[in-house]
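# Chain and residue survey
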Number of protein chains: 4
Amino acid sequence: MIEAGIIGGAGYTAGELIRILLNHPGVNLNFVFSTSQPGKPIHSIHQDLIGETEIQFTNEINKEVDVVFLCLGHGNSKKFLAENQFSEKTKIVDLSTDFRQKSDDHSFVYGLPELNNAEIKSADFIANPGCFATAITLAILPLAKNGHLKDEVHVNAVTGATGAGTSLSETTHFSWRDNNFSAYKSFEHQHLNEIGQSLKQLQSDHEAEVYFIPNRGNFSRGIHATAYTKFSGSLEEAKKIYKDFYADSVFTFVTDEELHLKQIVNTNKCLLRLQKFGDKLLVTSIIDNLLKGASGQAVQNMNLMFGLDEKMGLNLKASYF
Amino acid sequence: MIEAGIIGGAGYTAGELIRILLNHPGVNLNFVFSTSQPGKPIHSIHQDLIGETEIQFTNEINKEVDVVFLCLGHGNSKKFLAENQFSEKTKIVDLSTDFRQKSDDHSFVYGLPELNNAEIKSADFIANPGCFATAITLAILPLAKNGHLKDEVHVNAVTGATGAGTSLSETTHFSWRDNNFSAYKSFEHQHLNEIGQSLKQLQSDHEAEVYFIPNRGNFSRGIHATAYTKFSGSLEEAKKIYKDFYADSVFTFVTDEELHLKQIVNTNKCLLRLQKFGDKLLVTSIIDNLLKGASGQAVQNMNLMFGLDEKMGLNLKASYF
Amino acid sequence: MIEAGIIGGAGYTAGELIRILLNHPGVNLNFVFSTSQPGKPIHSIHQDLIGETEIQFTNEINKEVDVVFLCLGHGNSKKFLAENQFSEKTKIVDLSTDFRQKSDDHSFVYGLPELNNAEIKSADFIANPGCFATAITLAILPLAKNGHLKDEVHVNAVTGATGAGTSLSETTHFSWRDNNFSAYKSFEHQHLNEIGQSLKQLQSDHEAEVYFIPNRGNFSRGIHATAYTKFSGSLEEAKKIYKDFYADSVFTFVTDEELHLKQIVNTNKCLLRLQKFGDKLLVTSIIDNLLKGASGQAVQNMNLMFGLDEKMGLNLKASYF
Amino acid sequence: MIEAGIIGGAGYTAGELIRILLNHPGVNLNFVFSTSQPGKPIHSIHQDLIGETEIQFTNEINKEVDVVFLCLGHGNSKKFLAENQFSEKTKIVDLSTDFRQKSDDHSFVYGLPELNNAEIKSADFIANPGCFATAITLAILPLAKNGHLKDEVHVNAVTGATGAGTSLSETTHFSWRDNNFSAYKSFEHQHLNEIGQSLKQLQSDHEAEVYFIPNRGNFSRGIHATAYTKFSGSLEEAKKIYKDFYADSVFTFVTDEELHLKQIVNTNKCLLRLQKFGDKLLVTSIIDNLLKGASGQAVQNMNLMFGLDEKMGLNLKASYF
């Protein structure tokens, strides 16, 4: 059994990790570290877990675990690792933005299995991708692989309220968000950096601008993204490129059907649909922001790092409704 | 023109008052007092008002206005009036709980027009009823009027998230409340006091217990309440009692149709439906918690106090969808 | 008083018209024609109207009314007018697509007041614009007026479920749509025709493609649209262009604030926000699809045709929550 | 491996069964019978299954399977079994109401494991309980077991839209149900029969009336029920009675925490909370109507019938948000 620890246990991504790991046949949840809730049962915060576990939050860290997941706010992972050292064998999966940009300062591998499968398998440290970045990168990566990204990419995506975390704010207040819709951070979302890095990794001459408008949706979970760009080939050629690229992917699928968000809610899947209009290729991409966009992908990375079946613990029943 | 002021202008009920008063043909909105937002345009907080008014919040109070609405947190109205004195002619409508219980200490009239129409017309100070209290009292008041309240009353009601005000809390967080439902304060809601007072006013020997379970609904506006009790007469007798009682009411109607909440959302109406099962009379009651349950009723009271048409400014288009 | 009739009274847009006209100080609702519901009170279908009116649907048409609104399915207006003739004085507002394209075959004026104010004032027949068309056209029309539309326009918009009408379908089933999101008719929405026609009216050399992705949102009312294109001037220049263009508009406003859909729900307003990123001008546009996008605009057109105050009957209280 | 078949594969409960059985380690999904969709992949209807299975609906029934689940409309199971005969070894789980009432005409066991665990283990035919019946019966059954049901029971419960099935109707239309709430079938819901039967099974002298008001909630999944009745003992005594009764239950738990619906959505759990006010014991009960209230409980019954771990295949990750 892999002994696993979670740092920062009270937030949404930690909750999802706990839900997955409690039922993961290859993992024992060793500890859930929380500075705010030590001594309390984790089901006092993640209240769906009543009847399933009596594990408590702890303020002590077991530095000998096999793997640790960092569920800290952006900027805090780097700080935490500077102040806390794990054993040599401990692998780390960081869910923050702190190590997503490649740098000589660290050895974290960007944990998008569809892009870096081999590197992840031999990695000790994983920078888990952002949720928008996962949905959007998977939508256009096969084009970059094949050198087809030569023109502007136009992306519009909408995320559920859990994407904003547990913190209370005007735009996460129910009375505000219910039956509402709004754009934010247009053309300036921080995930554009990691998207650009991934595209350049596969197509080094990629210089095309990605125009991205993120939106706040009035639902809890999920990201729905559309992306289009010029593509000179036919729809069939595009489908072949995508199906080839994702041939070995166990969670990312290309379909001919019209997509809707709830197909993937509460699963670790990414579904992609391709359409061609004039000279434009349109790709629709849907993921669960907390799973394929965060904790599910983190476990997928853990499975790869430890040589387990990539899907272990991740055959999740979709809620669908 | 009636010169009107609002004290505590940043909350939901103040926003609704402003929306109504800006279009009220007999009123000029003289000032909106806010300690937190002075100098800002009111449309910076009540953002639907862009293009309709350039009025700003002020931290100065005009004590010569004809009427002032107090939209302060419960407990704060009493405090505010102790520290601030209005002119002799200024009428006051208080939306808090502070003066709802009759007492020798004050001369506020409980502002439920269906109960105290005449008293309101000659009142200077109005204690505007609570939202749950309005929905529930209107559902059972005709029985008290006719001495039919002899047995336990069983009430279950659900309110929208705006009922909890603008403050941020776990249960008003969108990610929590979306697609959720929960009971709270069962049998102990503070509005039971004013409900009991109103029933006793009409039926002094009323001793029957009112069992009330309030619920948090995953919608923004409205209260849906069901109330049942033993009633020895027929359904037709009950309908006659109710229709007689509400014959002169301009916003409260008895219908034979099945009710659903959105019939009254964004209006000042209360709709009631009666059904009889065995020896039980079941009454369904629906109101908009922010209008008939707060600001709409406050304006209705103002209209009565100033001798205006009771409906003036309150012929509101239902949103319905 | 203007005597008004409605043809096709059971749908959403007819319901909204009835709600508005019942409170319109210059109009008497003469009849509501419905082949499916004759003899029933209109509040049996538009159930918010209980207590407000006892008017019944009729299957007889008064051909002498001053104005008639056609709320028929697309394709049916033309057919209806071929089979039914109104008096010479009767003005017609058609809410379908049937007469939106200019043609030698008819004399309907496209009823977008921001574009055709003068023509509407002297028109007898109005083709009321589509909901998406209204939101999108208002977002880019000032650029066309000033000859700035030289490059591709990228539009993404989301509409509420009422946009699909009362008919039952998989995508309007609550269990499907709740907490869901989906794109549809990408690049091929039928409203692209009328958008193009309006742009060309102001900028005859306009040849730039409008790429439009419509989406189904999990809310009932409203359209939120974002549109961007190359614009060589500064943000200040753009704002000046827009503010000049809408200087006389009574429902369309340009604001510097971040927008969210509920600002305009249950009103006849359109709010626009401009932002500049690099060489791109981004315009966000929000309207209520049933009001400014349908019935509210129809009444606005009626007001203009009859020389009334353009806002009469349309000072609607936003629901906001 | 248990070979399992599903009759009536296109509805919600069939979809949930398929989702569960595809990941159930002890079951092979042998066939999914559908008269409306034969030859189509099941993921064309249950669209979350893209990428997980290529099984197709069939119009042929394998009568040699080990277990068959009947997901037919109420009234149709009896008819189907009259026309179709399975092998002697085939166990049947019927999700309709057809066999829930004990009768000399059939040998179906009422499949509420908390009530009939031993009988289910040796049964060949199971009548799977209704969703409201499950939530409400579990809330009051321990009282009946101990002879405490002597007075009226007052129940109010709200269900999600999936409770109404896939059929399209006014009250399942998104534009109607969104942000709406309504009571229906008050005091007359068909599940009162099976609730009464279960209570009488444990307390044969039980004659107390159960007053039940069902409500339509504006969410997709789940039932939230409150039930109260006179109880002469203390809260601690009540808790002991309930905890003893559910000591061996693997999905039903008594908690001291405030409950909210989303704690159990997408799980097979029932959570119960007890409170005492005066002489009244109040029990809150929450289940997922499609799982513990239908397909999850059906699989739980199958597990018991085949001697498997009762929880096998049912350790489902809650969606929670």
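The rules behind the values
Residues numbered from 1 in each chain as written. Chains lettered and ligands numbered in written order. Predicted model: local features only at pLDDT ≥ 70, side-chain atom pairs only at ≥ 80, totals over all residues. Heavy atoms only, no water. Helix = DSSP H or I, 4+ residues; strand = E, 2+ residues; numbered from the N terminus. Rg over C-alpha atoms; globule rule 2.2 N^0.38 Å. Buried < 20%, exposed > 50% of the residue type's maximum accessible area, 1.4 Å probe, protein only. Contact = heavy atoms within 4.5 Å. Areas by Shrake-Rupley, 256 points an atom, 1.4 Å probe, with all protein chains shown as cover. Lys, Arg positive; Asp, Glu negative; His and termini not counted. Charge placed at Lys NZ, Arg CZ, Asp CG, Glu CD. UniProt positions renumbered as here; feature names shortened; annotations may be inferred. Least-squares fit on C-alpha atoms with pLDDT ≥ 70 in both. Buried area = accessible area lost by both parts, 1.4 Å probe. Salt bridge = Lys/Arg side-chain N within 4 Å of Asp/Glu carboxyl O. Nonpolar A, V, L, I, M, F, W, Y, C, P; charged D, E, K, R; others polar. Polar contact = N/O pair within 3.5 Å; in protein donor to acceptor, adjacent residues only side chain to side chain. Pairing = 2+ DSSP bridges. Axes fitted to C-alpha atoms, helices over the stretch in contact; angles between N-to-C directions. 1 Å grid on protein atoms, 1.4 Å probe; cavity = no way out; pocket = protein on both sides within 12 Å on 5 of 7 lines; lining within 4 Å. Points joined across faces, edges and corners; volume = space filled by probe spheres on them. Domains from an automatic or database assignment.

On a plain count of helices and strands, chain A comes out with 8 helices and 14 strands. Whereas a compact globule of 321 residues would reach a radius of gyration of roughly 20 Å, chain A reaches 19 Å, a difference of no more than 12%. Based on the C-alpha atoms only, the size of chain A along its principal axes is roughly 60 × 45 × 35 Å. Burial statistics for chain A: of 321 residues in total, 66% are counted as buried. Expressed as a percentage of contacts within chain A between residues at least 6 apart in sequence, the contacts between residues at least 24 apart total 72%. Just so you have it, chain A exposes about 10700 Å², and 45% of that area is on carbon and sulfur atoms. Computed over 29 positive and 37 negative side-chain charges, the separation of the two mean positions in chain A equals 4 Å.

The next point concerns the UniProt feature "active site" (unreviewed entry) in chain A. Within this structure's numbering, the places UniProt gives as "active site" (unreviewed entry) are Cys131(A). Contacts of Cys131(A), omitting those with residues within four sequence positions, involve His191(A), Ile223(A), Ile287(A), Asn289(A) and Gly293(A).

Here we take up the relation of the copies chain C and chain A. For the pair chain C and chain A, the superposition axis carries a translation of 0.0 Å, the fit reaches an RMSD of 0.0 Å, and the rotation angle comes to 180 degrees. Taken together, the turn and the small shift mark the pair as related by a two-fold rotation axis. Looking at the interface residues of chain C, 100% of them are also at the interface in chain A, so both copies use one shared face.

What follows covers helix α1 (residues 12-22) of chain A. An α-helical turn contains 3.6 residues, so a residue and the one three or four places further along point in the same direction. With 9 of 11 residues buried, α1(A) lies mostly within the body of the structure. For α1(A), every residue scored as buried is listed here: Tyr12(A), Ala14(A), Gly15(A), Glu16(A), Leu17(A), Ile18(A), Arg19(A), Ile20(A) and Leu21(A). Contacts from the buried residues of α1(A) go to β1 (2-7), β2 (27-33), β4 (67-70) and α8 (295-305) of chain A together with α5 (174-177) of chain B.

This paragraph deals with the environment of Asp48(C). Relative to the elements of secondary structure, Asp48(C) occurs in the loop between β2 (27-33) and β3 (67-70). Remark: the alpha-carbon pair of Asp48(C) and Ser36(C), spanning 12 residues in sequence, is separated by 19 Å. Those residues in contact with Asp48(C) that sit more than four places away from it in its chain are Gln263(B), Lys269(B), Ala318(B), Tyr320(B) and Arg19(C).

Contact with chain B, which involves 19 residues of that partner, is made by 19 residues of chain A. Note on chain B versus chain A: buried area summed over both sides is about 1500 Å², and carbon and sulfur give 57% of it. On inspection of chain B and its partner chain A, the count reaches 0 salt bridges. Each residue belonging to the side of chain B that touches chain A can be placed in one class, and the counts come to 5 nonpolar, 11 polar and 3 charged.

Before going further, it helps to examine the UniProt feature "domain: Semialdehyde dehydrogenase NAD-binding" (unreviewed entry) in chain A. Under the UniProt annotation, "domain: Semialdehyde dehydrogenase NAD-binding" (unreviewed entry) lies at residues 3-123 of chain A. Taken end to end, residues 3-123 of chain A comprises 23% helix and 20% strand; its first and last C-alpha atoms sit 17 Å apart.

With that settled, the discussion passes to the interface of chain C and chain A. Counting from both sides, the interface comprises 36 residues of chain C and, opposite them, 36 residues of chain A. Our count for the contact surface shared by chain C and chain A stands at 4 salt bridges. Between Lys280(A) and Glu152(C) there is a salt bridge, and its shortest N-O distance comes to 3.1 Å. At the junction of chain C with chain A, the criterion picks out 26 residue pairs in polar contact (both at pLDDT 80 or more). When residues of the side of chain C that touches chain A are traced back to their parent elements, those giving at least two are β7 (153-159), α5 (174-177), β8 (182-183), β9 (210-216), β10 (223-230) and β13 (280-287) of chain C. Top element by residues in the side of chain C that touches chain A is β9(C). It accounts for 4 residues. Broken down by class, the residue content of the side of chain C that touches chain A amounts to 15 nonpolar, 13 polar and 8 charged.

Our focus in this paragraph is the sheet that holds strand β11 (residues 252-255) of chain C. Paired through their backbone hydrogen bonds, the strands of a sheet run either parallel or antiparallel. All names here are of chain C. Strand order in this open sheet of 7 strands is β8-β9-β7-β10-β13-β12-β11, and the pairing throughout is mixed. Strands at the two margins of the open sheet, each flanked by one partner only, are β8 and β11. Two elements, β7 and β10, share 6 bridges in a ladder whose sense is antiparallel. Among the inter-strand pairings, Val155 is bridged to a residue of β10, identified as Ala227. Helix α4 (residues 131-145) rests against β7, β9, β10, β11, β12 (270-277) and β13 of the sheet, and its axis sits at about 145 degrees to β13.

Let us now look at the relation of the copies chain B and chain A. At an RMSD of 0.0 Å, chain B and chain A line up after a rotation of 180 degrees and a shift of 0.0 Å along the axis. Of the residues that chain B buries at the interface, 100% are likewise interface residues in chain A, meaning the two copies contact each other through the same surface.

With that settled, consider the layout of surface pockets. All names here are of chain B. In this structure, the largest pocket encloses a volume near 1000 Å³. Around the largest pocket, the lining is made up of 47 residues, and of these Thr13, His74, Gly163, Ala164 and Gly165 lie nearest the centre. Secondary-structure elements contributing two or more residues to the lining of the largest pocket are α1 (12-22) and α4 (131-145). The residue inventory of the lining of the largest pocket, partitioned by class, reads 16 nonpolar, 27 polar and 4 charged. Per-domain counts for the lining of the largest pocket show at least three residues from each of domain 1 (2-128 + 294-305) and domain 2 (131-287).

Locating Gln297(C) in the fold gives a position in helix α8 (residues 295-305). In this structure Gln297(C) touches Gly111(C), Leu112(C), Pro113(C), Glu114(C), Asn128(C), Pro129(C), Thr134(C), Asn268(C), Leu291(C) and Lys292(C), once residues within four positions along its chain are discounted.

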